[in-house]
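What the coordinates show
So you can see what is in the structure, the chains are spelled out below.
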Amino acid sequence: MNAHCTGGVELKLSAPQASQGSLILAQVRSQKSLREVTGKWNERNVYFWEGGLSAAARRGTINHQDQALLGVDLEKAPGDYELSVSAITENGEHAECTARLVVRAGKFATESLTVQKQFVEPNEQQAQRAVAEQEKLRRIFDHITPEKLWHGRFRLPLTGGVRGTNFGKRRILNGQARSPHTGADFPAPTGTPIHATQSGQVVLAEELYFSGNTVIIDHGLGIYSLYGHLSATDVAVGDAVKAGAVIGKVGATGRVTGPHLHWGVTVNKARVNPIQLVNETVIR
């Protein structure tokens, strides 16, 4: 990744290329304090927040850093994409950066599952319900809360050394090809407590056709987490939750083959591997 910058700022990406479903951390560093940092990538706005500097950076000439998450959608077409960043210093000076990020095809396995027939061949009423719910989810993810609602690092939604699997797998349900798996699955006994991955506001808490009892939390700046197939929910729309708060319990509602938590994350409408959000330790 070769970034070209003007105005005394520098742009760093956590990796020069990314695969489908992954996250890239973008950092804008400046010798001067910045009043505003904006960006555009993948024809969408990029939302920056002021982030802390490393000790090495503080000892050097850098005294300001903003960062943002770039989400590469699970089905984003491979290719080269330009990231453009604009900054305004406290005294009104302008600075700009451009960089190209290479997106590679992801390597995802295929799995065959058997589920209830209604979840592969829904009747007209069920199909209409599913379409209406997808539109509702689209409207939720289209909304960008312009402030950062989380504090600190993101965490896994279950405790006890659990490991999420299956993200991005291409699925064959009852012999029919279906869309790829958009989250990580955590097999666990029914009733296992589910924790909010970070603080935010509950924007959905209801039963959906495919994901069963579902909770969605808005963490601000276009980051949302989704928890599906719950046996019970402990929050309501509008609730402000803290990181680690119990928001529900593991279940087997909706389209499932057994009790588990489906955990999904979207970043500016891009469906990404939620495990990467936890592993990206710079995000705070």
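So, a few notes on the structure that sits alongside this text. (Residues numbered from 1 in each chain as written. Predicted model: local features only at pLDDT ≥ 70, side-chain atom pairs only at ≥ 80, totals over all residues. Heavy atoms only, no water.)

1. Quick look at the overall build of the chain
In terms of helices and strands, the chain carries three helices and 22 strands. When the accessible surface of the chain is totalled, it reaches about 13400 Å², and 47% of it is carbon and sulfur. (Helix = DSSP H or I, 4+ residues; strand = E, 2+ residues; numbered from the N terminus. Areas by Shrake-Rupley, 256 points an atom, 1.4 Å probe, with all protein chains shown as cover.)

2. Let's talk about the sheet that holds strand β7 (residues 49-50)
Spatially, β2-β4-β8-β7 is the arrangement adopted by the four strands of the open sheet, whose pairing is antiparallel. A strand with exactly one partner marks an edge of an open sheet, and here the two such strands are β2 (9-13) and β7. (Pairing = 2+ DSSP bridges.)

3. Description of helix α2 (residues 124-142)
The first and last C-alpha atoms of α2 sit 27 Å apart over 19 residues, in line with the 27 Å expected at 1.5 Å per residue. For α2, the complete set of buried residues consists of Gln126, Ala130, Glu133, Leu137, Ile140 and Phe141. Taken around the axis of α2, the buried residues stretch over an arc of 90°, which confines them to a single face. Across from the buried face of α2, at angles greater than 90 degrees, the exposed residues are Glu124, Gln125, Gln128 and Val131. Among the structural elements, β16 (200-208), β17 (212-220), β18 (223-233) and β21 (260-267) are those in contact with the buried residues of α2. (Expected span 1.5 Å × (residues − 1). Buried < 20%, exposed > 50% of the residue type's maximum accessible area, 1.4 Å probe, protein only. Arc of directions from axis to C-beta. Contact = heavy atoms within 4.5 Å.)

4. Details of the packing of aromatic side chains
Tallying each qualifying case throughout the model produces six aromatic pairs. For the ring pair Phe186 and Trp263, a centre distance of 6.0 Å and an interplane angle of 55° mean the geometry is tilted. Of this pair, Phe186 sits in strand β14 (residues 184-187) while Trp263 sits in strand β21, placing them 77 residues apart in sequence. Classification of Phe186 by relative accessible area gives buried; the value is 1%. Residue classification places Trp263 among the buried positions, given a relative accessible area of 0%. For the pair Tyr209 and Phe210, a centre-to-centre distance of 5.0 Å together with 70° between the ring planes defines the contact as edge-to-face. Linked through ring pairs, Trp49, Trp150 and Phe154 together constitute an aromatic cluster. (Phe/Tyr/Trp six-rings, centres within 6.5 Å; stacked < 30°, edge-to-face > 60°.)

5. As for empty space enclosed by the protein
Within this structure, the stated rule accounts for one cavity of 30 Å³ or more. Of the pockets and cavities examined, the largest cavity occupies roughly 150 Å³. Looking at the largest cavity, it is lined by 16 residues, and the ones nearest its centre are Leu69, Leu70, Gly71, Val267 and Asn268. Mapped by element, the contributors of at least two residues to the lining of the largest cavity are β6 (44-47) and β8 (64-71). If you tally residues by element for the lining of the largest cavity, the top one is β6, at four residues. Here the residues of the lining of the largest cavity are counted per class, giving 11 nonpolar, four polar and one charged. (1 Å grid on protein atoms, 1.4 Å probe; cavity = no way out; pocket = protein on both sides within 12 Å on 5 of 7 lines; lining within 4 Å. Points joined across faces, edges and corners; volume = space filled by probe spheres on them. Nonpolar A, V, L, I, M, F, W, Y, C, P; charged D, E, K, R; others polar.)

6. Digging into the pattern of salt bridges
Where charged atoms from two side chains of opposite charge come close, those side chains can pair. For the structure shown, the criterion picks out 11 salt bridges. The network of salt bridges with common partners includes Glu135, Arg138, Arg139, Asp142 and Lys269. (Salt bridge = Lys/Arg side-chain N within 4 Å of Asp/Glu carboxyl O.)

7. A word on unusual backbone geometry
The phi dihedral of His229 is positive, around 75°, even though this residue is not glycine. Owing to a relative accessible area of 6%, His229 belongs among the buried residues under this scheme. One non-glycine residue, Lys269, lies in positive phi territory at about 75°. Here Lys269 shows up in the loop between β21 and β22 (270-272).

8. Description of the pairing of β17
The side chains of a regular strand alternate, residue by residue, between the two faces of the sheet. The buried fraction of β17 amounts to nine of the nine residues, a majority that puts the element mostly inside the structure. As defined by bridge partners, β17 adjoins β18 across six bridges and the pair is classed as antiparallel. Counterpart to Asp218 in the pairing with β18 is Tyr224. The turn linking β17 back onto β18 is made up of two residues, and Leu221 within it adopts a positive phi angle of 55°.

9. Describing the nonpolar core
If you look at the biggest cluster of nonpolar residues, it comprises 33 residues, and the most contacted ones within it are Leu69, Tyr227, Ile247 and Leu261. At the level of secondary structure, the elements contributing two or more residues to this core comprise β4 (23-30), β14, β17, β18, β20 (246-250), β21, β22 and α3 (274-279). Ranked by the residues each element gives to this core, the list is headed by β21, at four residues. Each residue touching Ile247, except ones within four places of it in the same chain, is listed here: Ile194, His195, Ala196, Val215, Ile217, Tyr227, Leu230, Thr233, Asp234, Val235 and Val241. (Core = buried A, V, L, I, M, F, W, Y, C linked by side-chain atoms within 4.5 Å.)

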